[in-house]
Amino acid sequence: MNTQHPLKTFTLALLLISTTAAAQAATATAIFAGGCFWCIEKDFEALPGVVAVESGYTAGKTTHPTYESVSAGGTGHTEAVRVIYDPAKVSYPQLVEYFWRHIDPTVKDRQFCDVGSQYRSGIYWGNETERQVIESSRDALIKSGRFKTIHTELAGASPFYLAEDYHQDYYKKNTVRYNYYRLSCGRDARVKELWK
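Within every chain, residues take consecutive numbers counted from 1 along the sequence as written. At least 70 in pLDDT is required for a residue's local features to be given in this predicted model, at least 80 for side-chain atom pairs to be given and counted, and no such filter applies to totals for whole chains, interfaces and linings, which use all residues. Just so you know, side-chain values use all the structure's heavy atoms and leave hydrogens and water out.

Trainee: Help me understand the packing of aromatic side chains in this model?
Mentor: The rule is short: rings of Phe, Tyr and Trp, with Trp giving its six-membered ring, pair when the centres are within 6.5 Å, and they are stacked under 30 degrees, edge-to-face over 60, tilted in between. Inspection of the entire model under this criterion finds eleven aromatic pairs. Pairing W38 with Y170 gives two aromatic rings, centres 3.7 Å apart and planes at 5°, and the pair type is stacked. Residue W38 is found in helix α2 (residues 37–45), and its partner Y170 is found in helix α6 (residues 170–173); the two are separated by 132 residues along the sequence. Its relative accessible area of 14% is what places W38 among the buried residues. The buried label goes to any residue with under 20% of its type's maximum accessible area, the exposed label to any with over 50%, and the partly exposed label to all in between, with areas taken from a 1.4 Å probe on protein chains only. We classify Y170 as buried; its relative accessible area is 7%. Ring geometry for F99 against W100: centres 6.1 Å apart, planes inclined by 50°, an arrangement best described as tilted. One aromatic cluster is present, built from ring pairs that chain together F32, F44, Y92, Y98, F99 and W100. A helix here means a DSSP run of H or I that spans at least four residues, while a strand means a run of E at least two residues long, and both kinds are numbered starting from the N terminus.

Next up, the structure:
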C-alpha cells in the first residue's frame, strides 16, 4: 500500500522535471562532419565534457534522408554528428580544435577510404560567435604552415536528421566489424601522420 502523500509525490515530480530541464539548459550542441559518422561519433564520445553524440545527416537538399539515399550521393548531405556538450566542461573552441585533429582537412569530398561528397568534412556553425571561432581556427591552421589548403566545409547549420537507430553507437554494438573497418580504412594512421 502506498502511503506517500499526493502533494509530496507531486512535488517530487516537479523537482525531477525542473532538474531535467536545468540539465538540458546547461548543454549546447555542435555539428561536425568527419567522414564516417561511426568513427567521429566514437572520437567525440571520448572527449570529457561531451554528454552525447548522435549520428545523422546534414547540409543536404532533401528532407528526411535515409542512409541509402545519402550513401548513393544524390541528396547533397554529408554524414555528420551532433555533439551535445557541457560548456562548463568543454568549450566550443576546444571542440573545434579536437575535431581538426581527428580528420584529414587536406582532401576534398572524402575522408580516408570513404570517397564522395557524402563523406566530406565540415563544421556547421549555429551563430555568429561560432562562425568566428571556426574561421579563426581554420585561418590559424593555414598560417601555421601545416596545411596549404583546407577543404573542410565551413557553413551555417542546416537541418540535422538523425540516422537510423542501427547507426547510433555502432562502434559499441558491432565492435569487431567496426574495429576492422576503422583499421582497414587507415583512419588512425593518417591522422597520426598529419597531426603527429
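Having put the structure on the table, let's press on.
Trainee: In this structure, what is going on with the pattern of salt bridges? I would like to understand it.
Mentor: Note on pairing: side chains with opposite charge can pair once their charged atoms come close. By salt bridge we mean one thing: a side-chain nitrogen of Lys or Arg within 4 Å of a carboxyl oxygen of Asp or Glu. Under the definition given, this model contains twelve salt bridges. Note that D188 and R182 form a salt bridge whose closest N and O atoms lie 2.9 Å from each other. Bridged by salt links that share partners, the residues D43, R182 and D188 form one connected network.

Trainee: I keep staring at the pairing of strand β1 (residues 28–34) and nothing clicks. Help me out?
Mentor: The side chains of a regular strand alternate, first on one face of the sheet and then on the other. The element β1 is extensively covered by neighbouring structure, given that five of its seven residues are classed as buried. Two strands form a pair only when DSSP identifies at least two bridges running between them. Bridge analysis of β1 against strand β6 (residues 121–125) gives four bridges, and the strand direction is antiparallel. Across the sheet, residue G34 finds its bridge partner in β6, namely S121.

Trainee: How should I be thinking about the pairing of β6 in this particular structure?
Mentor: Taken across its five residues, β6 has five buried, putting it largely inside the fold. Residues S121, I123 and W125 point to one face of β6 and G122 and Y124 to the other, with burial holding for every one of them. As paired strands, β6 and strand β7 (residues 153–156) are joined by four bridges and run parallel to one another. Its bridge partner being in β7, W125 is matched across the sheet by G156.

Trainee: Where do I start with unusual backbone geometry in this structure?
Mentor: With glycine set apart, most residues show a phi of negative sign, and most peptide bonds adopt trans. Not every positive phi belongs to a glycine, and D169 is a case in point at roughly 55°. Within the element layout of this structure, D169 appears in the loop between β8 (161–162) and α6. On the basis of relative accessibility, which here comes to 25%, the residue D169 falls in the partly exposed class. Phi is positive for K196, close to 40°, though the residue is something other than glycine. When you line up the elements, K196 lands in the segment after α8 (187–195).

Trainee: Please explain the packing of helix α4 (residues 92–100) against helix α5 (residues 128–143) as it appears in this structure.
Mentor: Each pair of packed helices gets described by two things: the angle between the helix axes and the distance between those axes. Here α4 crosses α5 at 40°, and the two axes come no closer than 10 Å. For the element pair α4 / α5, the angle class is oblique. Crossing angle aside, the handedness with which α4 passes α5 is right-handed. Residues Y92, P93, V96, E97 and W100 of α4 touch α5, and the partners they reach there are E130, V133, I134, S137, R138 and L141. Of the residues contributing to the contact of α4 with α5, the split by class is seven nonpolar, one polar and three charged. Lines fitted to C-alpha atoms define the axes, with helix axes restricted to the stretch in contact, and inter-axis angles between N-to-C directions lie between 0 and 180 degrees. Here the angle decides the label: under 35 degrees means roughly parallel, over 145 means roughly antiparallel, 65 to 115 means roughly perpendicular, and every other value means oblique. Left-handed describes a crossing whose near helix is turned anticlockwise from the far helix by less than a right angle; the clockwise case is right-handed. The criterion used for residue contact is that any of the two residues' heavy atoms lie within 4.5 Å. Put simply, Ala, Val, Leu, Ile, Met, Phe, Trp, Tyr, Cys and Pro go in the nonpolar bin, Asp, Glu, Lys and Arg in the charged bin, and everything else, Gly too, in the polar bin.

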